Amino acid sequence: MFQMIQKIYIWFYALKIWKAITIALAAVAVWALLGAMLIQRNRRLWRFLNCVLFAAAFAVISYVTLFRAGSSRNLILQPFYTFIMARENREFYREMLMNAILFIPIGLTIPYILPSRWKPARRVLFAVGLALIISTALETLQYCFCVGMTETDDVITNTFGAFVGALQFPIATLFQRCFFKKKE
């Protein structure tokens, strides 16, 4: 199972940047449309599906982040250092993009798991806050276990990715109100 995940990750990482962005944004749009359609039909099933997908996303993110080869402890706490380095090496742009895309599923799923009485803005903020906590915890574990590089920029880009994913929830809510109202 994890070998398949690793192959998909390598395939996705090798894509041209514009293709990766297109796939990520298409996934966000499809999730918003699915959310608008399915939440009306079976709210409990949709919530359960999002719980399962959140758990799967968390497992994949944890695996990709913590189970890499190598045993070095590197720490970069300067915010936006990767942006500075990207001027010299464009591969850093890809790394930032992949960090953001990695956390989009967190933003896609969390708003649907939260209580339905919460307003969309509160759900988005909670999803982004949870992504910040998860990313910070994973970066801390990376440092503790000497796996890869621990960077402030990873937390920033991961949180941004969750924000992009969570932005679909207000859009889905709008779709739901405009196009998928229950017939009475």
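Throughout, a residue's number is its position along its own chain's written sequence, starting from 1. Whole-chain, interface and lining totals are the exception, using all residues; otherwise, since this is a predicted model, local features are given only for residues with pLDDT of at least 70 and side-chain atom pairs are given and counted only at 80 or more. Side-chain measures here rest on the full set of heavy atoms in the structure, leaving out hydrogens and waters.

(A) Just the pattern of salt bridges, in detail. Here, a salt bridge means any Lys or Arg side-chain nitrogen found within 4 Å of an Asp or Glu carboxyl oxygen. Enumeration according to the criterion identifies one salt bridge in this entry. For the salt bridge of Glu91 with Arg94, the shortest nitrogen-to-oxygen distance reads 3.7 Å. Note that Glu91 and Arg94 are positioned in helix H5 (residues 91-102) at a spacing of three residues, about one turn of the helix. Taking the relative accessible area as the measure of exposure, Glu91 reaches 38% and is therefore partly exposed. A simple rule labels every residue: compare its accessible area, found with a 1.4 Å probe on the protein chains alone, to the largest value its type can have, and call it buried under 20%, exposed over 50%, or partly exposed in between. Accessibility expressed as a relative area gives 14% for Arg94, which makes it buried. Here a helix means four or more residues in a row that DSSP labels H or I, a strand means two or more in a row labelled E, and each is numbered from the N terminus.

(B) Fine view of the side chain of Thr65. Mapped onto the elements of the fold, Thr65 is located in helix H3 (residues 43-66). Setting aside anything within four residues of it in sequence, one finds Thr65 in contact with Leu102, Leu138, Gln142 and Val147. Residues count as neighbours in contact if any of their non-hydrogen atoms are within 4.5 Å of one another.

Keep in mind that these numbers describe shape and distance, not what the molecule does.
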